[in-house]
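Now for the letters of each chain:
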Amino acid sequence: MTVSSDIPETESWFHRNQQRIAPWLFLAPGILFFAVYVIAPVFQSFNLSLYEWDGLGEKTYVGMRNYEDLYWEYVDRDAFFTSLKNNVMWLFLYLLAIPAGLFIALFLNQTVRGIRLYKSLFFFPFVISQVVVGLVFTWFYDPNFGLLNTMLGWVGMGPINVLGNEHLVTYGIVAAGLWPQTAYCMILYLTGLNAVDPEQIEAGRLDGAKGWSMLWNIILPQLRPATFIAFVVTIIGALRSFDLISIMTQGGPFGSSRVLAYYMFEVALSEYGFRMGYGAAIAVVLFLIMLCFITYFLWSMYREEKGH
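These numbers were taken from a predicted model, which means no experiment stands behind them. Within any chain, residue numbers begin from 1 and follow the written order of that chain's sequence. For a predicted model such as this one, the threshold for reporting local features is a pLDDT of at least 70, and the threshold for listing and counting side-chain atom pairs is 80 or more; totals across whole chains, interfaces and linings nevertheless cover every residue. Working from all heavy atoms in the structure, the side-chain values ignore hydrogens and water.

S.K.: Quick question: what am I supposed to make of the packing of aromatic side chains here?
M.R.: For any pair of aromatic rings, the description consists of the separation of the ring centres together with the inter-plane angle of the planes. Aromatic contacts are taken between Phe, Tyr and Trp rings whose centres are within 6.5 Å, Trp giving its six-membered ring; a plane angle under 30 degrees counts as stacked, one over 60 as edge-to-face, and the others as tilted. This model, assessed by the stated rule, comprises 19 aromatic pairs. Site record: aromatic cluster; members linked through ring pairs are Phe124, Phe137, Phe140, Tyr141 and Trp179. Sitting over the face of the ring of tyrosine 51, lysine 59 holds its NZ or CZ atom 5.9 Å from the ring centroid. Whether a charge sits over a ring comes down to the Lys NZ or Arg CZ being within 6 Å of the ring centre and within 35 degrees of the ring normal. For arginine 275, the ring lying beneath its charged end belongs to tyrosine 278, and the centroid distance is 4.0 Å.

Below, the structure written as structure tokens:
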């Protein structure tokens, strides 16, 4: 007589741990592509910045000389100084997209007549190419037939050549970039507003909170994840700005609208000498600036979460 055993057969290691393994299997392709196309090029840029290379011939190891050249250009207030200064301007002015996107999202989150049309109009800049944005604003600023100077003429003001004035050109390009960036921040905040807890809002109303008090104490704390993403994406977008400058001014007039990304392109891939190592050094500096800002926001968010 055979006695049946209730003891299950020994399972394989994979079957015992498949719930823990499954997420990593799904993430594996993304991690692989990120490592190959993002992480590896970062280290290659660090390595290339230590060489002098024209992209074709033999590499020559020069150590930190490319960084020394950057330093002396900064001291002499040459192209690198102008590019770095413009990047700082881009960074602080671009952050205006975050409060602008928030207030537009608060307006679009209401139930009013025609709200779908308003949402479409505000969403439109996000879906068009940056090249199209650059062309549209180039026509807008044109001193001969541009809409800006037409409107200035209505109030008796003379024509202004925004893209031809070295003191105004960076502000003009940043204004063009703020148009789609504000739309992106608006989308983030609209998504966040859909997840706001209505019970907290009702409790705030019972406590007498309204207007700015309601926004600051109840709504904004719940929008913290959306705000974090908006800050990170906006900072990265400001520091890697390239396409609008390439379309609208190509770094002019007289190099006054250069930023680090465009200057890197000029010295590494254009007629300025194919200095690949020098361009890689600029890329490393730009990467380190981004890393500092993003690390700061990650640390701030971690401290806030830990405090709660």
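S.K.: So what exactly am I meant to see when it comes to the packing of helix H3 (residues 65-75) against helix H4 (residues 79-94) here?
M.R.: Angle between the axes and distance between the axes are the two parameters that describe a pair of packed helices. For the pair H3 and H4, the least separation of the axes is 6 Å and the interaxial angle reads 80 degrees. When the axis of H3 is compared with that of H4, the two are roughly perpendicular. In this structure, H3 contributes Leu70, Glu73 and Tyr74 to the contact, and H4 contributes Ala79, Phe80, Phe81 and Leu84. A breakdown of the residues in the contact of H3 with H4 according to their chemical character gives six nonpolar, no polar and one charged. Fitted lines through C-alpha atoms give the axes, limited to the stretch in contact for helices. The angle between two N-to-C directions lies from 0 to 180 degrees. Here a helix means four or more residues in a row that DSSP labels H or I, a strand means two or more in a row labelled E, and each is numbered from the N terminus. Convention used here: angles under 35 degrees read as roughly parallel, angles over 145 as roughly antiparallel, angles from 65 to 115 as roughly perpendicular, and any remaining angle as oblique. Here, residues are in contact when the closest pair of their heavy atoms is within 4.5 Å. Under the scheme applied here, ten amino acids are nonpolar (Ala, Val, Leu, Ile, Met, Phe, Trp, Tyr, Cys and Pro), four are charged (Asp, Glu, Lys and Arg), and all others, including Gly, are polar.

S.K.: Sorry if this is basic, but what is going on with a nonpolar patch on the surface here?
M.R.: A surface patch of nonpolar side chains, about 1100 Å² in accessible area, is lined by Phe123, Phe124, Phe126, Val127, Val131, Val132, Leu135, Val136, Trp139, Phe145, Trp179 and Ile247. Among the elements of the structure, helix H6 (115-127) and helix H7 (130-141) are those that each provide at least two residues to the nonpolar patch. Mapped onto the secondary structure, phenylalanine 124 falls in helix H6. Like-charged residues within 9 Å of one another, or nonpolar side chains (Val, Leu, Ile, Met, Phe, Trp, Tyr) within 5 Å, are grouped into patches, provided each residue has over 30% relative accessible area and no salt bridge. Accessible surface is estimated by sampling points in the Shrake-Rupley manner with a 1.4 Å probe; for residues, cover comes only from the protein chains shown. What makes a salt bridge here is a side-chain nitrogen of Lys or Arg within 4 Å of a carboxyl oxygen of Asp or Glu, nothing more.

S.K.: I keep staring at the layout of surface pockets and nothing clicks. Help me out?
M.R.: Empty pockets left among the atoms are what a rolling probe the size of a water molecule brings to light. Using a grid of 1 Å spacing that covers the protein atoms alone, one calls a set of points a cavity when a 1.4 Å probe fits there but cannot get out, and a pocket when the set is open and has protein on both sides within 12 Å along at least five of seven lines; lining residues are those with an atom within 4 Å of a point. Grid points are joined across faces, edges and corners, and a volume is the space filled by probe spheres set on the points. Size it by volume and the largest pocket reaches roughly 410 Å³. Together, 19 residues line the largest pocket, and Ser45, Met264, Gly279, Ala283 and Val284 are the ones closest to its centre. For the lining of the largest pocket, the secondary structure elements donating two or more residues are helix H2 (18-48), helix H14 (260-269) and helix H15 (276-307). It is H15 that contributes the most residues to the lining of the largest pocket, eight residues altogether. Per-class residue counts for the lining of the largest pocket are 15 nonpolar, three polar and one charged.

S.K.: I would appreciate a short explanation of the environment of cysteine 185 in the present structure.
M.R.: Along the chain, the position of cysteine 185 falls in helix H9 (residues 169-194). Between the alpha carbons of cysteine 185 and phenylalanine 43 there is a distance of 31 Å; along the sequence they are 142 residues apart. Those residues in contact with cysteine 185 that sit more than four places away from it in its chain are Ala97, Ile98, Gly101, Ala230 and Thr234.

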